[in-house]
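# Structural overview for review
As a plain string of letters, each chain reads:
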Amino acid sequence: MANALVSVQIIPKTKNGEDTIPYVDAAIEVIAQSGVKYEVNPLETTMEGDLPVLLSIIEKMNTRMTERGCESIISQVKVFHKPDGASMYELTEKYR
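Structural notes, computed from the coordinates. (Residues numbered from 1 in each chain as written. Predicted model: local features only at pLDDT ≥ 70, side-chain atom pairs only at ≥ 80, totals over all residues. Heavy atoms only, no water.)

## Structural notes on the environment of S7
- Considering the arrangement of structural elements, one finds S7 in strand β1 (residues 4-13).
- In this structure the C-alpha to C-alpha distance between S7 and F80, which are 73 residues apart in sequence, comes to 8.7 Å.
- Other than its neighbours up to four places away in sequence, S7 contacts E44, T45, T46, Q76, V77 and K78.
- Of note is the side chain of S7, whose polar atom sits 2.6 Å from the side chain of T46. (Helix = DSSP H or I, 4+ residues; strand = E, 2+ residues; numbered from the N terminus. Contact = heavy atoms within 4.5 Å. Polar contact = N/O pair within 3.5 Å; in protein donor to acceptor, adjacent residues only side chain to side chain.)

See below:
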């Protein structure tokens, strides 16, 4: 069972001021390839899983940005950790 929710907003700095959306898409692809449950929202993406796994995905997202030539990356991260189980659905079901 998942024990954490992690929301991440990645803000890459490109060399020539290019549009960052293709870079963000590449970062989201890292999440998709990981196999964890995730939800893309307008300003951040939320993942559900075990905390160490989710944090390693963020590291891989940053690595992908440097591989694409980004000079620097800001990753804004929010963590909800609940050892006995964390669920995106449970936290938001009253709003659906």
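## A closer look at the layout of surface pockets
- Of the voids in this model, the largest pocket is the one considered here, and its volume is about 250 Å³.
- As for the largest pocket, its lining consists of 18 residues, and the residues nearest its centre are Q9, I10, V24, L43 and E44.
- Of all elements in the fold, only β1 and α1 (21-34) reach the threshold of two or more residues within the lining of the largest pocket.
- A per-class count over the lining of the largest pocket returns 12 nonpolar, 4 polar and 2 charged.
- Computed from the structure, the second largest pocket encloses a volume of approximately 210 Å³.
- For the second largest pocket, the lining is made up of 13 residues, of which L5, S7, T46, M88 and T92 are closest to its centre.
- Secondary structure elements with two or more residues in the lining of the second largest pocket: β1, β4 (72-81) and α3 (88-92).
- When the residues that make up the lining of the second largest pocket are grouped by side-chain class, the tally is 5 nonpolar, 4 polar and 4 charged. (1 Å grid on protein atoms, 1.4 Å probe; cavity = no way out; pocket = protein on both sides within 12 Å on 5 of 7 lines; lining within 4 Å. Points joined across faces, edges and corners; volume = space filled by probe spheres on them. Nonpolar A, V, L, I, M, F, W, Y, C, P; charged D, E, K, R; others polar.)

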